[in-house]
Amino acid sequence: MHRVAVASVLVLLAFAVAASPARAQTTVVEGQTEGGAFYRIEMPPTWNGKLVIWNHGFDLGPVGPVDDTGPLALVHLLEGYATAASSYRQNGWAVFDTSRDLELLVEAFESEFGVPDEVLLYGASLGGIVTAAALEQADLGNLTGALAICGAMAGSRNWDGAIDVRLLYDWVCRKVPEAALPGGGGGLPPGAAPTPALVAQAVNACTGVDLPAGERTRTQRRNLKKLLKFAKIPEQFVQIVMGYATFALADLIQDPDKLDGKQGVGNANVDYGKKRVNRQIERVETQRGAERRLTRNFTPDGDVGSAKVVSLHTDKDGLVIVENQHSYAQVVPPDKLTVAVVVEEEPTHCGFSPAEVYTGWQGLISWIGSGIQPTASDLGQVCPDIAAILGGPCRFDPSFQLKSIDRRIRPRDPS
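Quick caveat: nothing in here was measured; it's all calculated off a predicted structure. (Residues numbered from 1 in each chain as written. Predicted model: local features only at pLDDT ≥ 70, side-chain atom pairs only at ≥ 80, totals over all residues. Heavy atoms only, no water.)

## Digging into the nonpolar core
Counting 86 residues, the largest nonpolar core has Trp 93, Leu 140, Trp 159, Tyr 169 and Tyr 328 as its most contacted members. Among the nonpolar cores identified, the runner-up in size contains 31 residues, and Val 52, Leu 120, Trp 367 and Cys 383 belong to it. (Core = buried A, V, L, I, M, F, W, Y, C linked by side-chain atoms within 4.5 Å. Buried < 20%, exposed > 50% of the residue type's maximum accessible area, 1.4 Å probe, protein only.)

This is the structure:
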C-alpha cells in the first residue's frame, strides 16, 4: 500500500468525520425486488461510477426494509461511491437465494442510475459467505473486489460445528432435568416454542455459565468443563452458540425454502476423541439430497474469477471461528486472496476497530488500483495512521498461522 495514497485517504477520512451531515445530500432509493427482498441505494451528489454493496450478517428476525448501506457507507459516499444493500429474501442462513437477491439489487440500481463501471462487495459474518457466494455465483457486472469481515468462509461446514455443540450439550447435561431441551440434531422440533430466555435458563442450570465462577455448583463446574473441552468454544460464547445450535439449526432444517424438513447435517461417523462420548452421544444420519443441497448453499470452491479478496478475522471469535479462513485459503488462488488476522485480548465476534475495518478496505482498493497485492504486514503498517482519525486499536498479526478447521470442528467421514 502506497504511503502517498494513504495520505490522501487520511485527508478524506478527516473530512468524513467532520462532514457527516453531507449524507443528507445523497439520493436515496428504496424498494422491494420481485423475489421479496427489500433494498436501499444511496447515490452521492458526484458519483465516481462505482457501486459498493454491503452484505449484512445473520438474523432470524422477519425480513424488512433496509435502513443502512454498511458501516463504511459515509466514507464511501464522500469518496464518490454509490452504496447499496439488500435485506435478502430469507432470514437465517439466507445463502440459498442471496446471489439472486444481489443480482436483482444491481438490476434495480441500473434502472435508476445506469450500469456501474465497477462493483465491489463487503460483508460481515454471514455477510462474508454471502459475499463469497456472490463472487462465484452471481452476475453483478464488473465485479472487481470484495472485503470479508469475520466471515463464515468455510460455508456449510460451520453447521457441522452447530450440530456437534447441540448434541454434546445433550450428552453433558443429560442428568440435569432442568437442562433438558426439546429436539436434538435437528434443533427444536416443529411446534416446540421455548423462548431464547428459556433455552438460556436451561443452559445455565446445567453449566452455571451465567453465574460468577465461585457460585457454580460442583456439578455445574464439571459440566461446563466437559462442554468447553468437547465443543471447543470459549466460555463467553456458550449461550450464543447454544442459541444458534438450537434456533438457527431448526430454522435451517425446517424452512421449506431451505432444507424443507430434511436432515442436511449429521454426526453419524464423527469421532469425539473419547470412547464414552462416542458410545453415548446421539447419532444423527444425514439425508444425502439434503446434505448436497446444504453444500451447494453454500460452500466455496474458490472460483472468484478476476476479483481480488481481502478477508479479515479476529483470532478468538467463538461463533465464527478463525479457522474458517484456513478453509477459504485452501480453495481460493493465493494471488486472489489476502487473509489478515487481528489478535484479541478477549474473545469477540467481529470485534474489529473502525481503523482495522477501513484498513482492510483500503488495502483492497489499493490492490485493485495498483495491481500490488497487500500482505497482512502491509495492513498492520498502514493501520496506525488510519487509527489516528477513525480510532483503533490496530492488532494485525502478520505472523499468525492459520490452522485447519478440522481441529475445531471434527471432520465427517465421507464413507
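## Focus on the layout of surface pockets
Size it by volume and the second largest pocket reaches roughly 510 Å³. Lining the second largest pocket are 32 residues, with Ile 240, Val 241, Tyr 244, Leu 319 and Val 320 sitting closest to its centre. Put simply, the parts of the chain that give the lining of the second largest pocket at least two residues each are helix H5 (157-172), helix H7 (218-231) and helix H8 (238-254). (1 Å grid on protein atoms, 1.4 Å probe; cavity = no way out; pocket = protein on both sides within 12 Å on 5 of 7 lines; lining within 4 Å. Points joined across faces, edges and corners; volume = space filled by probe spheres on them. Helix = DSSP H or I, 4+ residues; strand = E, 2+ residues; numbered from the N terminus.)

## A few points about the state of the cysteines
Under the criterion given, the structure shown has three disulfides. Across a sulfur-sulfur distance of 1.8 Å, Cys 150 and Cys 350 are joined as a disulfide pair. Of note, the bridge from Cys 150 to Cys 350 carries an S-S torsion of about 85 degrees and is right-handed in sense. In this pair, Cys 150 is assigned in the loop between strand S6 (143-149) and H5 and Cys 350 in the loop between strand S8 (337-342) and helix H12 (354-370), connecting sequence segments 200 residues apart. The buried category is assigned to Cys 150, whose relative accessible area is 0%. Cys 350 gets classed as partly exposed once you look at its relative accessible area, which sits at 24%. Across the disulfide, Cys 173 is cross-linked to Cys 206 (sulfur-sulfur distance 2.0 Å). (Disulfide = S-S within 2.5 Å.)

## A word on unusual backbone geometry
Residue Asn 297 is joined to Phe 298 through a cis peptide bond whose omega torsion reads 15 degrees. If you trace the backbone, Phe 298 turns up in the loop between helix H10 (288-296) and strand S7 (308-314). A cis amide bond links Gly 392 to the next residue, Pro 393, at an omega of 10 degrees. With respect to the helices and strands, Pro 393 occurs in the segment after helix H13 (376-390). Here the phi dihedral of Lys 232 falls at roughly 60 degrees; this positive angle occurs in a residue that is not glycine. Along the chain, Lys 232 falls in the loop between H7 and H8. When its relative accessible area of 31% is taken as the criterion, Lys 232 is described as partly exposed.

## What about the environment of Ala 82?
Positionally, Ala 82 belongs in strand S4 (residues 82-86). As for Ala 82 and Pro 116, which are separated by 34 residues in sequence, their C-alpha atoms are 9.0 Å apart. The contacts of Ala 82, once residues within four sequence positions are left out, are Glu 42, Met 43, Pro 44, Trp 47, Lys 50, Leu 51, Val 52 and Phe 109. (Contact = heavy atoms within 4.5 Å.)

## Observations regarding the pairing of S6
Most of S6 is tucked away: seven of the seven residues are buried. Judged from the six bridges that link them, strand S5 (residues 118-124) and S6 form a sheet pairing that is parallel. In the strand pairing of S6, Ala 124 is matched with Ile 149. Across five bridges, S6 lies against S7 in parallel orientation. Looking at S7, one finds that Ala 146 is bridged to Val 309. (Pairing = 2+ DSSP bridges.)

## A short note on a positive patch on the surface
A grouping of Arg 174, Lys 175, Arg 218, Arg 221, Arg 222, Lys 225, Lys 229, Lys 274, Arg 276 and Arg 279 is seen on the molecular surface, where their side chains present a positively charged patch. Breaking the positive patch down by element, the ones donating at least two residues are H7 and helix H9 (275-280). In terms of residue count, H7 provides more of the positive patch than any other element does, five residues in total. Assignment of secondary structure puts Arg 222 in helix H7. (Patch = residues over 30% accessible without salt bridge, like charges linked within 9 Å, V, L, I, M, F, W, Y side chains within 5 Å. Areas by Shrake-Rupley, 256 points an atom, 1.4 Å probe, with all protein chains shown as cover. Salt bridge = Lys/Arg side-chain N within 4 Å of Asp/Glu carboxyl O. Lys, Arg positive; Asp, Glu negative; His and termini not counted. Charge placed at Lys NZ, Arg CZ, Asp CG, Glu CD.)

## A look at the sheet that holds strand S2 (residues 38-43)
Adjacent strands of a sheet form backbone hydrogen bonds with each other and so pair up, either parallel or antiparallel. Across the sheet, eight strands lie side by side as S1-S2-S4-S3-S5-S6-S7-S8; this open sheet has mixed pairing. Taken across any chain shown, the strands that pair with only one partner, and hence form the sheet edges, are strand S1 (27-32) and S8. Pairs of neighbouring strands in the sheet enclose a mean axial angle of 15 degrees, with direction left out of account. Against the sheet, H12 contacts strand S3 (50-55), S5, S6, S7 and S8, and its axis sits at roughly 165 degrees relative to S7. (Axes fitted to C-alpha atoms, helices over the stretch in contact; angles between N-to-C directions.)

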